[in-house]
Amino acid sequence: QAQLVESGGGLVHTGDSLRLSCVASGRTFSAYAMGWFRQVPGKEREFVAAITWNSGGVIKSEYVDSAKGRFTISRDDATNTLYLQMNSLKPEDTAVYYCAADVSYNAMLGGIVEFWGQGTQVTVSS
């Protein structure tokens, strides 16, 4: 089966940085949109960032407003890995972050996702 495995979460202080990684396996995701969502207990899973690409590079990407200017989504085809670089972290960024993949970029933007990772905890102290 297809798998998405996240890593890189942790406990940091306000203003620190983290780099989340998502290693994909089980199938090729070259034709898939991929992204990151986050969720806190009792709340809906929130879209954070998404990216779609081909051999020519990134086609398009999108970020939640609160992440713009601080977070960067990227990929590495050589290692089949998706990244989320998070800078200037704030306590409100605290959540479980999930890697996501779907054949439809537009569906992902609407919260519809075919494949989810297991999640990695990000905690930002005040």
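Residues numbered from 1 in each chain as written. Predicted model: local features only at pLDDT ≥ 70, side-chain atom pairs only at ≥ 80, totals over all residues. Heavy atoms only, no water.

Student: Which residues make up the packing of aromatic side chains, and what are the values?
Tutor: Under the defined criterion, the tally for this structure stands at 6 aromatic pairs. Ring geometry for Phe 37 against Phe 47: centres 5.6 Å apart, planes inclined by 80°, an arrangement best described as edge-to-face. Taken as a pair, Phe 37 in strand S4 (residues 33-39) and Phe 47 in strand S5 (residues 46-54) lie far apart in primary sequence, 10 residues in all. This pair shows no difference in class: Phe 37 is buried, exactly as Phe 47 is. (Phe/Tyr/Trp six-rings, centres within 6.5 Å; stacked < 30°, edge-to-face > 60°. Helix = DSSP H or I, 4+ residues; strand = E, 2+ residues; numbered from the N terminus. Buried < 20%, exposed > 50% of the residue type's maximum accessible area, 1.4 Å probe, protein only.)

Student: I'd love a proper account of the pattern of salt bridges, names of residues and values included.
Tutor: If you walk through the whole model with that rule in mind, you get 4 salt bridges. Across the pair Asp 93 and Arg 38 runs a salt bridge, and its minimum N-O distance is 3.1 Å. Note that Asp 93 is positioned in the loop between strand S8 (81-86) and strand S9 (95-102) and Arg 38 in strand S4, a separation of 55 residues in sequence. In terms of burial, Asp 93 and Arg 38 fall into one category: buried. A salt bridge links Arg 70 to Asp 93, with the shortest nitrogen-to-oxygen separation between them at 2.8 Å. Of this pair, Arg 70 sits in the loop between strand S6 (57-63) and strand S7 (71-76) while Asp 93 is found in the loop between S8 and S9, placing the two residues 23 residues apart along the sequence. Each of Arg 38, Glu 46, Arg 70 and Asp 93 takes part in a single network of salt bridges with overlapping partners. (Salt bridge = Lys/Arg side-chain N within 4 Å of Asp/Glu carboxyl O.)

Student: A description of the sheet that holds S7 should follow, citing residues and the corresponding values.
Tutor: Strand pairs in the sheet, formed through backbone hydrogen bonds, run parallel or antiparallel to each other. If you walk across this open sheet you meet the 4 strands as S1-S3-S8-S7, and the pairing is antiparallel. The open sheet has two free edges, formed respectively by strand S1 (3-7) and S7, since each of these has just one partner strand. Between one strand and the next, the sheet's axes are offset by a mean angle of 15°, whatever the strand orientation. One ladder, built from 6 bridges, connects strand S3 (residues 18-25) with S8; its direction is antiparallel. In the sheet register, Ser 21 faces S8, and the bridge partner there is Tyr 83. (Pairing = 2+ DSSP bridges. Axes fitted to C-alpha atoms, helices over the stretch in contact; angles between N-to-C directions.)

Student: Account for empty space enclosed by the protein, with residues named and values stated.
Tutor: The final tally for this structure, using the stated rule, is 1 cavity of 30 Å³ or more. Roughly 50 Å³ of volume is contained in the largest cavity. Cys 22, Ala 24, Met 34, Trp 53, Arg 75, Asp 76, Asp 77, Asn 80, Thr 81 and Leu 82 together form the lining of the largest cavity. Considered class by class, the residues forming the lining of the largest cavity number 5 nonpolar, 2 polar and 3 charged. (1 Å grid on protein atoms, 1.4 Å probe; cavity = no way out; pocket = protein on both sides within 12 Å on 5 of 7 lines; lining within 4 Å. Points joined across faces, edges and corners; volume = space filled by probe spheres on them. Nonpolar A, V, L, I, M, F, W, Y, C, P; charged D, E, K, R; others polar.)

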